[in-house]
Amino acid sequence: MDQHQIDDIAARITTAAAQFAPTHKPTPAQKADAAAVLHGMLRGTETYGVTFADFDAVADFPRMAIQLVQHRDAPH
């Protein structure tokens, strides 16, 4: 993974975070964790030739990564 891909992940998380209503905005820690989730997903699929373009064709993975860590942090 190169610096361009890491910068792309950060930009995608920032864009996705801006879409949340004020009462559901992710914390800085949640944004960092969501970026780490995306990084891990991309690293795990590189072997198979999967890129962000492929992810984008299927779903909004940056937003889903934020929702994932927010769910993790929610009281259960």
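The notes below deal with the structure included here. Because the structure is a prediction, the values reported are computed rather than measured.

**Quick notes on the pattern of salt bridges**
Enumeration over the complete set of coordinates arrives at five salt bridges. We note a salt bridge from Asp56 to Arg12, for which the minimum N-O separation is 2.8 Å. Taken together, the positions of Asp56 in helix 3 (residues 52–58) and Arg12 in helix 1 (residues 3–18) put the pair 44 residues apart, joining distant regions of the chain. Here Asp56 falls in the partly exposed class, since its relative accessible area comes to 40%.

**A look at the nonpolar core**
The tendency in soluble globular proteins is for nonpolar side chains to be buried as a group. Of all hydrophobic cores here, the largest spans 15 residues; its most connected members are Ile9, Ile13, Ala34, Leu38, Phe52, Phe55 and Ile66. Looking at this core, the elements with two or more residues in it are helix 1, helix 2 (28–45), helix 3 and helix 4 (61–73). Dropping the residues within four chain positions of it, Phe55 is found in contact with Met41, Leu42, Thr45, Val50 and Phe61.

**Notes on the packing of helix 1 against helix 2**
Close contact between helix 1 and helix 2 brings their axes to 10 Å; oriented N to C, the two are set at 130°. Here helix 1 lies oblique to helix 2, going by the angle between them. The element helix 1 and its partner helix 2 pack so that their crossing is right-handed. Every residue of helix 2 that contacts helix 1 at Gln5, Ile6, Ile9, Ile13 and Ala17 is listed here: Lys31, Ala34, Ala35, Leu38, His39 and Leu42. Tallied by class, residues from the contact of helix 1 with helix 2 come to eight nonpolar, two polar and one charged.

**As for the environment of Ile6**
Along the chain, Ile6 falls in helix 1. What makes Ile6 partly exposed here is its relative accessible area of 37%. With 27 residues separating them along the chain, Ile6 and Asp33 place their C-alpha atoms 13 Å apart. When residues no more than four places from it in sequence are discounted, the contact partners of Ile6 are Met1 and His39.

What counts and what doesn't
Residues numbered from 1 in each chain as written. Predicted model: local features only at pLDDT ≥ 70, side-chain atom pairs only at ≥ 80, totals over all residues. Heavy atoms only, no water. Salt bridge = Lys/Arg side-chain N within 4 Å of Asp/Glu carboxyl O. Helix = DSSP H or I, 4+ residues; strand = E, 2+ residues; numbered from the N terminus. Buried < 20%, exposed > 50% of the residue type's maximum accessible area, 1.4 Å probe, protein only. Core = buried A, V, L, I, M, F, W, Y, C linked by side-chain atoms within 4.5 Å. Contact = heavy atoms within 4.5 Å. Axes fitted to C-alpha atoms, helices over the stretch in contact; angles between N-to-C directions. Parallel < 35°, antiparallel > 145°, perpendicular 65-115°, else oblique. Left-handed = near helix turned anticlockwise from the far one by under 90°. Nonpolar A, V, L, I, M, F, W, Y, C, P; charged D, E, K, R; others polar.

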